[in-house]
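# Structure assessment
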Amino acid sequence: MVNKDIKAIFLDVGNTLRVVVPDKPFMEAAKRQLAELVGTQMSPDAFFELLEERYKVLRKRAKEELVEASEREMWTQWMLPDFPPEKIGPLSGKLTRLWRDSDGRRLPRPDVKDTILELSRRGYLLGIIANTITETEIPDYLQEYGLTDYFKTVVLSSKVGIRKPNPEIYLEAARRIGVEPEKCVYVGDNPVRDVEGTRAAGYGMMILILEPETLKKEPPKGEVKPDHTIHEIKDLLEIFPPR
């Protein structure tokens, strides 16, 4: 489908630009380092069981209220409220990295960089809209892979305090990039919230990348559907011709 009215393309990160790859030694090392950083007397396994229970409570609130805690709030008020905030607060960024590393390594899809560079060359403004608990990991990823200059705005739920599918996070991204919502596209992997939020914000198009791990957790409901489904990021080049 050729659509020359589209000016801006926003992308998700988790399971869209990057995927999580299990790596047991890496994951176990992250757990140990987190426990050591906090200085708990509990074993790493027992400590993580406690953190996982507290994290479930935080995620339930986030999903029900469509809000996101900052890293400092997450660790001082929700994850480690029994530790001195003056100790935990300055460590919150590192704690978040280790917490996420305990899930596995986050690696970019192989076709991401070439596709991003080509979409930019074709005249599209690019941005990121992501639900995430980290404030710095995604900007650092973009910097590491030489992509920072290609993304004109990066809107993270941990920084703005609201989460998809709240349409306001999409509208904020459109305002920042200076493009009307109807001339924006969102590319994400969640067949429910990514589609619902994009529609509610009045975006011109929603593209779903089919990611098996996401579909296992949250299968499509059928009420709302994307405009396109793709299997690889490079498939975007067949949808968006040069402007």
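Just above sits the structure.
Residues numbered from 1 in each chain as written. Predicted model: local features only at pLDDT ≥ 70, side-chain atom pairs only at ≥ 80, totals over all residues. Heavy atoms only, no water.

Take the overall build of the protein next. Within the protein, the secondary structure is distributed over 12 helices and eight strands. Since a compact globule built from 243 residues should have a radius of gyration of about 18 Å, the 19 Å found for the protein is in line with a globular shape. For the protein, the C-alpha atoms occupy an extent of roughly 60 × 35 × 30 Å along the three principal directions. Burial status across the protein gives 49% buried among its 243 residues. Residue pairs at least 24 apart in sequence account for 70% of intrachain contacts in the protein once pairs closer than 6 positions are excluded. (Helix = DSSP H or I, 4+ residues; strand = E, 2+ residues; numbered from the N terminus. Rg over C-alpha atoms; globule rule 2.2 N^0.38 Å. Buried < 20%, exposed > 50% of the residue type's maximum accessible area, 1.4 Å probe, protein only. Contact = heavy atoms within 4.5 Å.)

With 15 residues, helix α1 (residues 24-38) should cover 21 Å at 1.5 Å per step; its first-to-last C-alpha distance of 21 Å lies within 8% of that length. Residues of α1 that are buried: Met27, Ala29, Ala30, Lys31, Leu34, Ala35 and Val38. (Expected span 1.5 Å × (residues − 1).)

On to the sheet that holds strand β6 (residues 184-188), then. With respect to topology, six strands assemble into an open sheet ordered β5-β4-β1-β6-β7-β8, the strand pairing being parallel. Looking at which strands have only one partner, the edges of the open sheet turn out to be β5 (153-156) and β8 (228-230). For this sheet, the mean angle separating the axes of adjacent strands, direction not counted, is 20°. Alignment of strand β1 (residues 8-11) against strand β4 (residues 125-130), held across four bridges, turns out to be parallel. Bridging from a neighbouring strand, isoleucine 9 pairs with leucine 126 of β4. Those strands touched by helix α10 (residues 193-201) are β6 and β7 (205-209), and its axis lies near 170° from that of β7. (Pairing = 2+ DSSP bridges. Axes fitted to C-alpha atoms, helices over the stretch in contact; angles between N-to-C directions.)

A few words now on helix α6 (residues 112-121). Within the span of α6, buried status applies to Val112, Thr115, Ile116, Glu118 and Leu119. The buried residues of α6 occupy an angular sector of 165° when the element is viewed end-on, so they sit on one face. Those residues of α6 that are exposed and angled more than 90 degrees off the buried face are Asp114 and Arg121. Looking at the buried residues of α6, the elements they touch are β1, β4, α7 (137-144) and α12 (236-239). Following α6 by one or two positions, glycine 123 has its phi on the positive side, about 105°. (Arc of directions from axis to C-beta.)

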